[in-house]
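Structure at a glance
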Amino acid sequence: MTELIAVTKAAVRAAHWHSDQRRKGAAQEPYVNHLLEVAGLVAEATGGEDLNLVIAALLHDSVEDQERTRAEIAAEFGEDVAALVMEVTDDKTLPKAERKALQIHNAPHKSARAAILKLADKTSNLTALALSPPAGWSMQRRADYVQWARDVVAGLPSDNAFLHRRFAEAVAKAERSAV
């Protein structure tokens, strides 16, 4: 499968799997926008040199949010992509507070590639929080989310200057919008 076909196939799968999902923000933008943004950040951060990581970015929430399986992803996109997706997937059977605590605890143990994906995901989430915060989120809840994202990212084994710069910009925007 050529690289372009593989990426577009993943984008199509992500769009279909998440077609009824919306972001939490007041704008209720299609969730696929988040997946495309994360994939774009990953592609830029890696200079387009890690095709499987870009594909994993497109699919990173498919197990967690759409009940797709590792086997399904592996069968279509390979074991490397499936392993990356699983490495950034939360266990939705756990309470939300525990999942959030585990993200902080597990951050230092991520592979370098999963750390890039996680950093891109947090960057996208903070950008969305700044532009279109969820209705009903108090300023304190928004500030708490920003701090949690900072705590997760602080533990990640990533020295990708591009993504850290983009994350810092997203933090600054989110913090300004939360005051």
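The text that follows walks through the structure, step by step, so that each part is easy to find. (Residues numbered from 1 in each chain as written. Predicted model: local features only at pLDDT ≥ 70, side-chain atom pairs only at ≥ 80, totals over all residues. Heavy atoms only, no water.)

With respect to the helices and strands, Ala 107 occurs in the loop between α7 (96-106) and α8 (112-131). What makes Ala 107 buried here is its relative accessible area of 1%. Here the alpha-carbon distance between Ala 107 and Pro 157, two residues 50 residues apart in the chain, equals 7.6 Å. Apart from the residues within four sequence positions on either side, Ala 107 is in contact with Val 152, Gly 155, Leu 156 and Pro 157. (Helix = DSSP H or I, 4+ residues; strand = E, 2+ residues; numbered from the N terminus. Buried < 20%, exposed > 50% of the residue type's maximum accessible area, 1.4 Å probe, protein only. Contact = heavy atoms within 4.5 Å.)

Residue position: Ile 116 is located in helix α8. Taking relative accessible area as the criterion, Ile 116 reaches 14% and is therefore assigned buried. In this structure the C-alpha to C-alpha distance between Ile 116 and His 164, which are 48 residues apart in sequence, comes to 9.6 Å. Residues in contact with Ile 116, not counting those within four places in the same chain, are Val 42, Ala 45, Thr 46, Leu 53, Ser 158, Asn 160 and Leu 163.

So, about the environment of Tyr 145. Along the chain, Tyr 145 turns up in helix α9 (residues 139-155). Judged by relative accessible area, which is 14%, Tyr 145 ranks as buried. Separated by 21 residues in the primary sequence, Tyr 145 and Ser 124 place their C-alpha atoms 13 Å from one another. Not counting the four nearest positions on each side in its chain, Tyr 145 is found in contact with Lys 100, Asn 125, Leu 126, Leu 129 and Trp 137.

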